[in-house]
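# Notes for the structure review
Next come the chains, spelled out residue by residue.
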Amino acid sequence: MRFVETAVAGAYVVEPDPFVDERGIFARTFCAETFAAKGLVDRFVQTNTSFNPQKGTLRGLHWQEAPKGEAKLVRATRGRLFDIALDLRADSPTYLAHVAVELDADRRNALYVPVGCAHGFLTLTDDCEAFYLVSENYSPEASRAVRWDDPAFSIAWPAEPQVISPRDASAEDYAS
Ligand SMILES: Cc1cn([C@H]2C[C@H](O)[C@@H](COP(=O)(O)OP(=O)(O)O[C@H]3O[C@H](C)C(=O)[C@H](O)[C@H]3O)O2)c(=O)[nH]c1=O
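Residues numbered from 1 in each chain as written. Predicted model: local features only at pLDDT ≥ 70, side-chain atom pairs only at ≥ 80, totals over all residues. Heavy atoms only, no water.

### Section: the sheet that holds strand β12 (residues 128-134)
Defined as follows: By definition, two strands form a pair when at least two bridges between them are found by DSSP. Put simply, DSSP H or I for four residues or longer makes a helix, DSSP E for two residues or longer makes a strand, and each gets a number counted from the N terminus. With axes taken as lines fitted to C-alpha atoms, and helix axes fitted only over the stretch in contact, angles between N-to-C directions fall between 0 and 180 degrees.
Taken in spatial order, the 6 strands make up an open sheet running β1-β2-β10-β7-β12-β5, and their pairing is antiparallel. At either margin of the open sheet sits one strand with a lone partner, and together these are β1 (2-5) and β5 (46-52). For this sheet, the mean angle separating the axes of adjacent strands, direction not counted, is 25 degrees. Strand direction decides the pairing type here: strand β7 (residues 72-78) and strand β10 (residues 110-113), joined by 4 bridges, are antiparallel. Bridging across to β10, R75 finds its partner in A110.

Written out as structure tokens, the structure is:
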């Protein structure tokens, strides 16, 4: 697997190195040793999946506050996602920057989201499924959200969301 740097310090697009033969494709999609050598979180305690029947479904942008911060390794397992990692680490050189990447089930690429970054996506196809590893257990008390169209972030989404939860649509303006 290859790690491609992004506009957010410590966030990487993870591209697989597929083994192709007459049976099809095999690719390693996570390896603790490789992630540790890269200085990334190498231990995940939860996997999440969301299935989104309608194109234009927006989930996020979410994160958990310290000490329940989560690193995530996100991929599309069906369809395509416009995936965002947003840097909310006040001491980061890329504070308030974001990376936008198209995650494609057919390409099997992934986005590594560091602790302290918010994560969200807009689905680009119907019947789109996200699957992600998470490095911290779910904590409703530590869960936070920022709004997809908050002017503080200037995220250029490819389309307006067609489906969004009331919580996500009404998240307050970010106050650094
Ligand atoms: C995240 C989570 C949620 N839940 C429960 C809480 C709610 O009753 C229900 C749906 O949760 P929520 O509306 O937060 O689901 P999403 O909007 O898809 O949340 C996710 O969306 C963005 C894209 C993320 O990166 C996060 O992993 C996660 O916040 O599942 C759990 O039981 N465990 C969990 O780990």
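We are not done yet, so read on.
### Notes on the site of the ligand
What counts is decided by this rule: Near is defined per residue: the residue qualifies when any heavy atom it owns lies within 4 Å of the molecule or strand. For every accessible area listed, the method is Shrake-Rupley and the probe measures 1.4 Å; residues are considered covered only by the protein chains on display. Only Asp, Glu, Lys and Arg are considered charged, only Ala, Val, Leu, Ile, Met, Phe, Trp, Tyr, Cys and Pro nonpolar, and every remaining residue, Gly among them, polar.
Taken together, the neighbourhood of the ligand is formed by Q46, N48, R59, H62, K72, H119, F121, Y132, Y138 and R167. Relative to its free-state accessible area of 650 Å², the ligand is covered by the protein chains to the extent of 62%. Of all the secondary-structure elements, those providing two or more residues to the shell around the ligand are β5, β6 (57-64) and β11 (117-123). When its residues are assigned to classes, the shell around the ligand shows 3 nonpolar, 4 polar and 3 charged.

### Looking at the pairing of β1
As defined by bridge partners, β1 adjoins strand β2 (residues 12-15) across 4 bridges and the pair is classed as antiparallel. Counted as the bridge partner of E5 is Y12 from β2. Linking two consecutive strands that pair antiparallel, namely β1 and β2, is a turn of 6 residues; a positive phi of about 85 degrees is found at G10 within it.

### A short note on the nonpolar core
This is how the line gets drawn: Here, the term nonpolar core denotes a set of buried Ala, Val, Leu, Ile, Met, Phe, Trp, Tyr and Cys residues that are joined through side-chain atoms within 4.5 Å. In this scheme, a residue with accessible area under 20% of its type's maximum is buried, one over 50% is exposed, and one in between is partly exposed, where area comes from a 1.4 Å probe on protein chains only. Contacts were defined at the residue level, with two residues in contact if any of their heavy atoms lie within 4.5 Å.
Residues L81, V99, L103, L111 and V113 are the most contacted members of the largest nonpolar core, which totals 19 residues. Elements supplying a minimum of two residues to this core: β7, β8 (80-87), β9 (98-104), β10, β11 and β12. The element contributing the most residues to this core is β12, with 4 residues. With residues near it in sequence (within four places) discarded, L81 still touches R75, A76, V101, E102, L103, F121, L122, T123, L124, C128 and A130. Formed by 15 residues, the second largest nonpolar core is a distinct cluster that contains I84, A118, L122 and V146.

### Side note on the pairing of β8
Taken across its 8 residues, β8 has 7 buried, putting it largely inside the fold. Summarising the sheet, β8 and β11 pair through 7 bridges and their orientation is antiparallel. Each residue of the ladder has a partner; that of L86, found in β11, is A118.

### Re the pattern of salt bridges
Rule in force here: The salt bridge definition used is simple: a Lys or Arg side-chain nitrogen within 4 Å of an Asp or Glu carboxyl oxygen.
One pass over the full model with this rule turns up 10 salt bridges. In this structure, D17 and R2 form a salt bridge, with 2.7 Å as the shortest nitrogen-oxygen distance. Here D17 is found in the loop between β2 and β3 (19-21), whereas its partner R2 is found in strand β1, with 15 residues between them in sequence. Its relative accessible area of 36% is what places D17 among the partly exposed residues. Of the charged contacts in the structure, one is a salt bridge between R89 and D87, with a shortest N-O distance of 2.8 Å. Taken as a pair, R89 and D87 share a single burial class, namely buried. Each of R147, D149 and D173 takes part in one network of salt bridges that share partners.

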